[in-house]
Amino acid sequence: MLAFIIQRLLQSILVMIAVGFIAFSLFNFVGDPVSLMLPPEATAADRDEVRKSLGLDEPFYVQFAKFVGNALQGNFGISLRLGRPVSQLLIERLPATLELSMIAASLALLIGIPMGVYTALKRDSWVSKLILTISLVGVSLPSFLIGIFLILIFAVWLGWLPSFGRGDTVKLGFWTTGFLTLSGLKALILPSITLGLFQMTLILRLVRSEMLEVLRTDYIKFARARGLTNNAVHFGHALKNTLVPVITIAGLQLGGIIAFAIITETVFQWPGMGLLFIQAVQFADIPVMAAYLCLIGFIFVLINLIVDMLYYAVDPRLRVERSGGGH
Amino acid sequence: MQDTMKRFFDGDVWWSFKHNPLVIAAAITALICVLGAAFAPWLSPHNPFDLKTINLLDAFTPPAWVTNGKSQFVLGTDDQGRDVLSTIMHGSRITLLVGICAVMLSMLIGITLGLVSGYIGGKLDAFIMRVADIQLSFPAILIALLIDGVARVAVGKEYHDQIAVYVLIFAIAASGWVQYARTVRGSTLVERNKEYVQAARVIGRSPLAIMFSHVLPNVTGPVLVLATLHVGTAILTEATLSFLGVGVPPTQPSLGTLIRIGNDFLFSGEWWITVFPGIALVVLVLSINLLGDWLRDALNPKLR
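As the structure is a prediction and not an experimental result, all values here were calculated from the model. (Residues numbered from 1 in each chain as written. Chains lettered and ligands numbered in written order. Predicted model: local features only at pLDDT ≥ 70, side-chain atom pairs only at ≥ 80, totals over all residues.)

> Help me understand the overall build of chain B, please; the structure alone is not making it clear to me.
Across its full length, chain B carries 13 helices and zero strands. When its helices and strands are written in sequence order, chain B yields α-α-α-α-α-α-α-α-α-α-α-α-α. Across the 304 residues that make up chain B, the buried fraction comes to 46%. Within chain B, contacts between residues separated by at least 24 positions form 69% of all contacts whose residues are at least 6 apart in sequence. (Helix = DSSP H or I, 4+ residues; strand = E, 2+ residues; numbered from the N terminus. Buried ≥ 20, exposed ≤ 12 C-beta atoms within 10 Å, placed from the backbone. Contact = placed C-beta atoms within 7 Å.)

> Please clarify how the overall build of chain A should be interpreted in this entry.
Check the secondary structure of chain A and you find 13 helices and two strands. The proportion of buried residues among the 327 residues of chain A is 37%. Expressed as a percentage of contacts within chain A between residues at least 6 apart in sequence, the contacts between residues at least 24 apart total 70%.

> Sorry, what's going on with the nonpolar core here?
When a protein is soluble and globular, its nonpolar side chains tend to lie buried together. The biggest cluster of nonpolar side chains holds 153 residues, and the ones touching the most others in it are Phe277(A), Met289(A) and Tyr292(A). Among the elements that line this core, the one with the most residues is helix α5 (residues 84–120) of chain B, at 15 residues. Those residues in contact with Tyr292(A) that lie beyond four places of it in its chain are Met273(A), Phe277(A) and Ala280(A). (Core = buried A, V, L, I, M, F, W, Y, C linked by C-beta atoms within 7 Å.)

> Teacher, can you tell me more about unusual backbone geometry here?
One can expect most non-glycine residues to show negative phi and most peptide bonds to be in trans. With a phi angle near 50 degrees, Gln269(A) is a residue other than glycine that sits in the positive phi range. Relative to the helices and strands, Gln269(A) is located in the loop between α10 (230–268) and α11 (273–283).

> Just to check I follow, could you spell out the environment of Ala96(A) for this structure?
Residue and element names in this part refer to chain A. By the secondary structure assignment, Ala96 is in helix α5 (residues 86–121). Spatially, the C-alpha atom of Ala96 lies 7.8 Å from that of Met273, the residues being 177 residues apart in sequence. Dropping the residues within four chain positions of it, Ala96 is found in contact with Arg166, Trp270, Pro271 and Gly272.

> What should I look at first to understand the interface of chain B and chain A in this one?
Where the parts come together, the accessible area they lose is often given as the size of the interface. Taken residue by residue, the interface counts 34 residues in chain B and 31 residues in chain A. Of all the secondary-structure elements, those providing two or more residues to the side of chain B that touches chain A are α7 (140–155), α11 (207–243), α12 (255–263) and α13 (272–299) of chain B. Among the elements that line the side of chain B that touches chain A, the one with the most residues is α7(B), at nine residues. Here the residues of the side of chain B that touches chain A sort into 24 nonpolar, nine polar and one charged. (Nonpolar A, V, L, I, M, F, W, Y, C, P; charged D, E, K, R; others polar.)

> Honestly, the environment of Leu180(A) in this entry has me stumped. Any pointers?
Structurally, Leu180(A) can be placed in the loop between β2 (175–177) and α8 (182–215). When the C-alpha positions of Leu180(A) and Ala120(A) are compared, they lie 38 Å apart, and in sequence the two are 60 residues distant.

> What is the right way to read the confidence of the model for chain B from this model?
When pLDDT drops low, the exact placement of atoms in the prediction is not to be read closely. Model confidence for chain B is summarised by a mean pLDDT of 80, while 86% of its residues fall at 70 or above. Listed scores for the predicted complex are pTM 0.80 and ipTM 0.77. (pLDDT = per-residue confidence, 0-100.)

> Would you explain the packing of α10(A) against α11(A) in this entry?
For any two helices packed against each other, the geometry is given by the interaxial angle and the distance between the axes. Residue and element names in this part refer to chain A. Running from N to C, α10 and α11 cross one another at 85 degrees; their axes reach a closest spacing of 7 Å. Compared by their axis directions, α10 and α11 come out roughly perpendicular. For the pair α10 and α11, the contacting residues are Ala261, Ile262, Glu265 and Thr266 in the first and Gly274, Leu275, Phe277 and Ile278 in the second. Grouping the amino acids of the contact of α10 with α11 by side-chain chemistry returns five nonpolar, two polar and one charged. (Axes fitted to C-alpha atoms, helices over the stretch in contact; angles between N-to-C directions. Parallel < 35°, antiparallel > 145°, perpendicular 65-115°, else oblique.)

> It is not clear to me how the confidence of the model for chain A should be interpreted in this structure. Could you clarify?
Residues and elements named next belong to chain A. Confidence in the prediction of chain A, expressed as mean pLDDT, is 78, and 89% of residues score 70 or more. Put simply, helix α13 (residues 316–324) is where chain A has its lowest mean pLDDT, 55, and α5 is where it has its highest, 86. Low pLDDT, under 50, characterises residues 322–327; the predicted model gives this stretch two contacts beyond four residues in sequence or across chains.

> How do you make sense of the environment of Leu281(B) when you look at a structure like this?
Examined against the element boundaries, Leu281(B) turns out to sit in helix α13. As for Leu281(B) and Gly269(B), which are separated by twelve residues in sequence, their C-alpha atoms are 21 Å apart.

> Would you mind showing me how to read the packing of α8(A) against α10(A) here?
Residues and elements named next belong to chain A. One way to put it is that α8 packs onto α10 with a least axis distance of 8 Å and a crossing angle of 160 degrees. The angle between α8 and α10 places the two elements in the roughly antiparallel class. Of the two elements, α8 crosses α10, and the hand of that crossing is right-handed. Its residues placed into classes, the contact of α8 with α10 shows 20 nonpolar, six polar and one charged. (Left-handed = near helix turned anticlockwise from the far one by under 90°.)

Take a look at the structure:
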C-alpha cells in the first residue's frame, strides 16, 4: 500500500515538473517576452534593459529554477494584456469557474445516475429508448452549440434568462458568489446546463452499461434465487457494485468539467478562468497561458491521485493483481 | 475478391446492417453529407468565395420560407451576402478534411507506437505507456488547444493563418493517438507469443517486417471501430477549436468558424447564420456516431 502511494506521488511530481517545464518553455522560447512588452519603435538599449529586468540574460537552468520557485509561491508575473499580476487575475476568476463547475457536476450526477439505473432496469420500455436516443444526440452535440441553442431559445426568443455574465455577485472575503442573488442564480442556469449535459449523458451511459453487466453476474442470480425482492437486488446489490467505476469516472470528469468550462465560458462570456485563458491564447498573453496550464495541471494531478487512491481502497482485486507481481 | 464480397454479404455484420433501419438511415445521411461536401464546388448553388458573384445588397436575407426570403438563397445569406447553404457545403469540406486527416495521422502515430511498445517491450514500452497515461489524464480538447496556442505564438499571426489547417490536423491527431496505441499494444502483446510470429522470427525476418506485415494485419479489427468513433470526436474538436477562434481562419471557414461568425448576429435576430451550420454539424456527427456505435456492437460477439 505504502509503495503504491509513494509510486503514485512520485509520478504526480514528475507530471507537475513536466507541466512546469512546458509552461516555462512557453514563457521563454515560444514567445519573445521582450518584443511583446515593448512598442515596435523601442531601441536596442530599451530591449537590453527589459531583458535584464526580466532576468532573461541568465543561464537556462537558473531561469527554470527561478520559474519553479516563483510558481510555488504563486507568482507567475504580469499579464501582458491586462498589466496586472497573473495570480491576482486567476484568484479573482477562480470562484466563477468553480461555482459553475460544481453546479454542472451536481446536475450531471443527480440526473445522470438515476436515468442510467432506470434505462438499465427497464431496458425495453420506450422511455428508456427515448432517453438513450436523446443521450446519443447529447454526445454528438458540441457543448458550444448547446449553449448557442439555449441562448437563442431562452434569452433571445423567450427573453426569460440572461445570456451572458454572472449577474449580481456578493463578495465574501476574496470569494465572489452568484448564489445569493436572484440575478446570479438566473445567470447560472443556462451555462451550467450547457456544461453539465455532456457529462450527464456520459454518466448515464456508463451507469447503464455497468449495471447491465452486473445484473448478468452469478451473484445477482443467486440473490434472486434466495428470493430477495427486486428492490433489494437492484439497489442493495447491483447498484453498489456499479458505483465503483462510476465514482472513478465521475472524479476524472470533474477535471474535464473545469477544462470544458473554457468553451462554456466563451459562449456565455462568463468571467471565469477559462475565458481568461482563451483570451490569453488569442492575444499571445503567455504569462496567463503558463499560469493557467500549471493550475489546471495541478488540479488534474490532484484529482487523478485522489481517484487512484480511492480506487485502490475500494477495489480489492487491484491489490491482489499488484501483489501477484510481474504482470 | 468475389469470394470476400460474398462472405461479407452472407456475414453477421451485413445481416445486422440490413435489419437496423436507424443505421441504414445514418449511413445514407452520412453518405449525403460526405458527397455534398466532397463535390461542393460543383453542387453548391453559389460560389461563396467568388467575390464577383457576391452582392452586399443580398446580406442578411432570411431563409426562403420566411417573409423577405429569396428563392435563390434557400437557407438565407450571411453578413457578406454569401449563400448560407453554399458556405455550409464548403465548410463541411474543410471540417471533414481536417477530421479525417487528423484521424488518419492519429492512427499512424498510435498504431506505430503501439506496435513498437507491445513488440519490443522493456524500457521503451514503459516510457511510451507512461507518456500515454499522462496524456490520457488530460482532456483531448485541452491538449489540442495548447498545441494550437503554442503554434500561434511560435510562428506569428500572418504565417499561422497559412498553415492553420495543418496545425489543426496535427493538434487533433496528437491529442488522440493514445487510444490506438493502447489498443494495438494490448493485441500485440497477445499476438507476439503466437506460433506464426515465432515462425517468422525463426526464418530470420527483421522485427520491423514482423511488426508491420505479420502482427499488424491481426490487430486492426478493434482499431477500425475506434477510428469510426474518433472521426466524430475529431470533427467536434475541430469545430470547437474553430468556434473558440483558434482553429481555421475565416478566409477558409469550417463549420465551426461559420457558427462563430453567425453567433455575433444571434441577438440582432439573424438566427439562420448560426443555426443551419449548427444543424449541419450535428447531423454529420450524429450519423457518424450512430454508425460507429453500431459497428462496435456488430463486431462484438459478447453483445449478440
